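Each chain, written out:
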Amino acid sequence: MQDNKRVAALIAVICLALLMFCLIERQVRQALGGEQKMHGLYPGNQKVRPTGRMILYHLSDLRLRVGSAADPPVIAITRGIQLHLLDLVGLEPTRPRWPET
């Protein structure tokens, strides 16, 4: 009985991760509009449809610099494609979503 609960929990976590993966991909493609293709995801700068894997690959280098009460946290963006992807997803890296203290 215990093993079945663990397997069910693992499947639930995997399904949630896949759902998030698909929703991120869908959001970026919808934000691109019409052709749903963009430059900068692959070497060679060809125009391709963004995949969830490539979106998360480019966003994986993002770093959060922890702030303090007087200094808000900042997301360190190292490449222009990261800023473009965050914009397409609808996230503003310069404004944290948690309340100011």
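These numbers were taken from a predicted model, which means no experiment stands behind them. (Residues numbered from 1 in each chain as written. Predicted model: local features only at pLDDT ≥ 70, side-chain atom pairs only at ≥ 80, totals over all residues. Heavy atoms only, no water.)

### As for the confidence of the model for the protein
Then, in step 1: Per-residue confidence for the protein gives a mean pLDDT of 84, with 90% of residues at or over 70.
Then, in step 2: Per-element confidence in the protein is highest for helix H1 (residues 2–32), whose mean pLDDT is 91, and lowest for strand S2 (residues 74–76), whose mean pLDDT is 79. (pLDDT = per-residue confidence, 0-100. Helix = DSSP H or I, 4+ residues; strand = E, 2+ residues; numbered from the N terminus.)

### Topic: a nonpolar patch on the surface
Then, in step 1: Taken together, the side chains of Leu16, Leu19 and Leu23 make up a nonpolar region of the molecular surface, amounting to roughly 290 Å² of accessible area.
Then, in step 2: By secondary structure assignment, the location of Leu16 is in helix H1. (Patch = residues over 30% accessible without salt bridge, like charges linked within 9 Å, V, L, I, M, F, W, Y side chains within 5 Å. Areas by Shrake-Rupley, 256 points an atom, 1.4 Å probe, with all protein chains shown as cover. Salt bridge = Lys/Arg side-chain N within 4 Å of Asp/Glu carboxyl O.)

### Quick look at the packing of helix H2 (residues 52–59) against helix H3 (residues 80–89)
Then, in step 1: It is at 9 Å that the axes of H2 and H3 come closest, and there the two elements cross at 120 degrees. As summarised for this structure, H2 and H3 are arranged oblique, according to the angle between their axes. For the crossing formed where H2 meets H3, the hand is left-handed. The residues of H3 that touch H2, namely those facing Ile55, His58 and Leu59, are Ile81, Gln82, Leu85 and Leu86.
Then, in step 2: Tallied by class, the residues present in the contact of H2 with H3 amount to five nonpolar, two polar and no charged. (Axes fitted to C-alpha atoms, helices over the stretch in contact; angles between N-to-C directions. Parallel < 35°, antiparallel > 145°, perpendicular 65-115°, else oblique. Left-handed = near helix turned anticlockwise from the far one by under 90°. Contact = heavy atoms within 4.5 Å. Nonpolar A, V, L, I, M, F, W, Y, C, P; charged D, E, K, R; others polar.)

### Topic: the environment of Gly67
Then, in step 1: As for its position among the elements, Gly67 is in the loop between strand S1 (63–65) and S2.
Then, in step 2: Considering only alpha carbons, one finds Gly67 and Met54, 13 residues apart in sequence, at a separation of 29 Å.

### Concerning the side chain of His58
Then, in step 1: Among the structural elements, His58 can be located in helix H2.
Then, in step 2: Judged by relative accessible area, His58 falls into the buried class, the value being 5%.
Then, in step 3: If we ignore the near neighbours within four places in the chain, the residues touching His58 are Gly40, Leu41, Arg79, Ile81, Gln82 and Leu85. (Buried < 20%, exposed > 50% of the residue type's maximum accessible area, 1.4 Å probe, protein only.)

### Examining the nonpolar core
Then, in step 1: Core analysis: the biggest nonpolar cluster contains ten residues, these being Val28, Met38, Leu41, Val48, Ile55, Leu59, Ile81, Leu85, Leu86 and Leu88.
Then, in step 2: Every element with two or more residues in this core is listed here: H2 and H3.
Then, in step 3: Top element by residues in this core is H3. It accounts for four residues.
Then, in step 4: With residues near it in sequence (within four places) discarded, Ile55 still touches Ile24, Glu25, Val28, Pro50 and Leu85. (Core = buried A, V, L, I, M, F, W, Y, C linked by side-chain atoms within 4.5 Å.)

### Let's talk about the pattern of salt bridges
Then, in step 1: For the structure shown, the criterion picks out three salt bridges.
Then, in step 2: Linking Glu35 and Lys47 is a salt bridge whose minimum nitrogen-to-oxygen distance equals 3.9 Å. Taken together, the residues span a long stretch of sequence, with Glu35 in the loop between H1 and H2 and Lys47 in the loop between H1 and H2 at a distance of twelve residues.
Then, in step 3: The exposure class assigned to Lys47 is partly exposed, which follows from its relative accessible area of 39%.
Then, in step 4: Of the charged contacts, one joins Asp61 and Arg79 as a salt bridge, the two residues approaching to 2.6 Å between their closest N and O atoms. Taken together, the residues span a long stretch of sequence, with Asp61 in the loop between H2 and S1 and Arg79 in the loop between S2 and H3 at a distance of 18 residues.
Then, in step 5: Taking the relative accessible area as the measure of exposure, Asp61 reaches 34% and is therefore partly exposed.

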